[in-house]
Amino acid sequence: MIIYGVALLAFCMLAGVFVGDLIGSFIGVQANVGGIGIAMLLLIYLSNLGNKKLQFGPLTESGIHFWSAMYIPIVVAMAAKQNVIGALSGGWMALLAGVGAVVVSFLLIPVLAHFTPAAERGNSNAD
Amino acid sequence: MLTETLTAVLSKNALITAFLFIGFLMWLSYFLSEKLTRGQIHGSAVAITIGLVLAYLGGQYTGGSKGLADIAIFSGVGIMGGAMFRDFAIVATAFGVKTDELKKAGWIGAASVIIGVALSFFIGALVAVSFGYTDPVAISTIGAGAATYIVGPVTGTALGASSDVIALSVAAGLTKSVLVMVGTPFVANRIGLNNPYSAMIYGGLMGTTSGVAAGLAATDPKLVPYGAMTATFYTGAGCLLAPSLLFLIVRALA
């Protein structure tokens, strides 16, 4: 049933956010630490169990695929609710701080990518 | 009477209205992408850009902070694009990811989170110093804002920064997330953002969940789970490091 997939997804997310909140309060920060990442790892773990313990029916899978496919529209809705005025209202300093952080971080990606095994860099351009 | 009834129906069924509206926006965006740019600029990149423009217009029209979602009939856009549905969809993208790929780039992905937080923090701090700030609390708060717009206020509150400095840190973080959304597809090829490994590094360095989510969606949706995975640890790491270690470094230097 489709709801099994949706429910499984919900379980992974709630479990991940719960653990992320626990980690946050354990190390004393007022934030969720990696909750969604933990939820993703949990889902990956469960979906890679294969035929051993957990059998995903095609309908169960489609309950997860639906939300995966809704990802881009949801992100578009997210863009439409951003506080763009707030971003622009901070003046030059806030703008420069944000732009500077993005530009330098972009530049560092190829540098750090060198530390992954060369064979694993996939179809990246010859650099 | 007709308009009133229609407005009432659209507002009462806000989330459903959002499905229709975003669906239309997606169609329009893919149409424009095909006709105006011959697919050069990805449809989702067009959609995200239109979304941001609408957010700007909505903010200007209502004076609120939730962009288009502050207009009653579009309030469902705020639900659909809120953190709950966003995170649910992000988790769903992880379905089918192979664990091997994560393991191979695991340590560099983890390292990129720490490097990313420190890098954005010190760039924000440098900008603050160059604008004449000398108080280590203000410098650290603005630096933390350059990490994400959540790390900024959390750090500012922890260190006791003034509310206008906290507002600046939020603005810096918002600028970062908007720029990552719009800029990523344009630089993706040049910075080698075309495989799971660089996507994990990208997520770790950028850290803004919304920026990374939209940036990768507009570049290559297949990379989303990898970038989102590392980005999700960034705000937590930032809230941990900025008010403690990074603040102590700033205070020692200032």
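### Quick notes on helix H8 (residues 136–147) of chain B
Then step 1. Between its first and last C-alpha, H8(B) extends 17 Å over 12 residues, near the 16 Å set by a 1.5 Å rise per residue.
Then step 2. With respect to burial, H8(B) is a largely interior element, 12 of its 12 residues being buried.
Then step 3. Every buried residue of H8(B) is listed here: Pro136(B), Val137(B), Ala138(B), Ile139(B), Ser140(B), Thr141(B), Ile142(B), Gly143(B), Ala144(B), Gly145(B), Ala146(B) and Ala147(B).
Then step 4. Tucked inside the fold, the buried residues of H8(B) contact helix H6 (91–113) of chain A together with helix H7 (106–130), helix H9 (151–159), helix H10 (163–187), helix H11 (196–206) and helix H13 (224–253) of chain B.

### Some remarks on the packing of aromatic side chains
The geometry of an aromatic ring pair is captured by two quantities: the separation of the ring centres and the angle between the planes.
Then step 1. Within the structure shown, the criterion is met by 7 aromatic pairs over all chains.
Then step 2. Ring centres 5.1 Å apart and planes at 65° place the aromatic pair Trp67(A) and Phe88(B) in the edge-to-face group. Here the residue Trp67(A) occupies a position in helix H3 (residues 58–69), and Phe88(B) occupies one in helix H5 (residues 83–93), the pair thus bridging two chains. Just as Trp67(A) is buried, Phe88(B) falls in that class too.

### Here's the deal with the confidence of the model for chain A
Then step 1. Per-chain confidence: chain A averages 82 in pLDDT, with 86% of residues scoring 70 or above.
Then step 2. Counting interchain partners and residues more than four positions distant, the pLDDT-below-50 stretch residues 123–127 of chain A has 7 contacts.

### What about the interface of chain A and chain B?
Then step 1. Taken together, the 75 residues of chain A in the interface contact 96 residues of chain B.
Then step 2. Surface buried jointly by chain A and chain B totals about 7,400 Å² across both partners, of which 81% is contributed by carbon and sulfur atoms.
Then step 3. Counting the surface chain A buries against chain B, the share from its top three residues, Tyr71(A), Met93(A) and Phe106(A), is 10%.
Then step 4. The tally of links between chain A and chain B comes to 0 salt bridges.
Then step 5. Here chain A and chain B share 2 residue pairs in polar contact (both at pLDDT 80 or more) between them.
Then step 6. Elements with a minimum of two residues in the side of chain A that touches chain B: helix H1 (2–26), helix H2 (35–48), H3, helix H4 (71–80), helix H5 (84–88) and H6 of chain A.
Then step 7. In the side of chain A that touches chain B, the residues fall into 51 nonpolar, 20 polar and 4 charged.

### Observations concerning the side chain of Thr232(B)
Then step 1. Position of Thr232(B) among the secondary structure elements: in helix H13.
Then step 2. Given the relative accessible area of 10%, Thr232(B) is considered buried.
Then step 3. Apart from the residues lying within four places of it in its own chain, the contact partners of Thr232(B) are Gly34(A), Gly35(A), Ile36(A) and Gly37(A).

### Let's talk about the pattern of salt bridges
All names here are of chain B.
Then step 1. The final tally for this structure, using the stated rule, is 2 salt bridges over all chains.
Then step 2. With a closest N to O distance of 3.2 Å, Asp-87 and Arg-86 form a salt bridge.
Then step 3. Given a relative accessible area of 13%, Arg-86 falls into the buried group.
Then step 4. Close ionic contact of Asp-220 with Lys-222 constitutes a salt bridge, the shortest N to O distance being 3.9 Å.
Then step 5. The exposed category is assigned to Lys-222, whose relative accessible area is 64%.

Reading the values: rules and limits
Per-chain numbering applies: the sequence of each chain, read as written, is numbered from 1 onward. Chain labels run from A onward and ligand labels from 1 onward, assigned in the order the entries are written. The model is predicted, so local features are restricted to residues of pLDDT at least 70 and side-chain atom pairs to those at 80 or more, both for listing and for counting; the totals for chains, interfaces and linings are taken over all residues. To get the side-chain values, take all heavy atoms of the structure and skip hydrogens and water. To qualify as a helix, a DSSP run of H or I must reach at least 4 residues; to qualify as a strand, a run of E must reach at least 2; elements of each kind are numbered from the N terminus. Multiplying 1.5 Å by the residue count of a helix minus one yields the expected span of that helix. Each residue is assigned to one of three classes by its accessible area relative to the maximum for its type, calculated with a 1.4 Å probe on protein chains only: buried under 20%, partly exposed between the two thresholds, exposed over 50%. Contacts between residues were defined by any pair of non-hydrogen atoms, one from each residue, lying within 4.5 Å. The aromatic pairing rule takes the rings of Phe, Tyr and Trp, using the six-membered ring of Trp, and pairs them if the centres are within 6.5 Å, calling planes under 30 degrees apart stacked, those over 60 edge-to-face and the rest tilted. Each residue carries a pLDDT score, the predictor's confidence in it, ranging from 0 to 100. By definition, the buried area sums, over both parts, the 1.4 Å-probe accessible area that each loses when the two are put together. Salt bridge, as applied in this entry: a Lys or Arg side-chain nitrogen positioned within 4 Å of an Asp or Glu carboxyl oxygen. Two N or O atoms form a polar contact when they lie within 3.5 Å of each other; inside protein one atom must be a possible hydrogen donor and the other a possible acceptor, and for residues adjacent in sequence the pair counts only when both atoms belong to side chains. Residue classes follow a fixed rule: Ala, Val, Leu, Ile, Met, Phe, Trp, Tyr, Cys and Pro count as nonpolar, while Asp, Glu, Lys and Arg count as charged, and any other residue, Gly among them, counts as polar.

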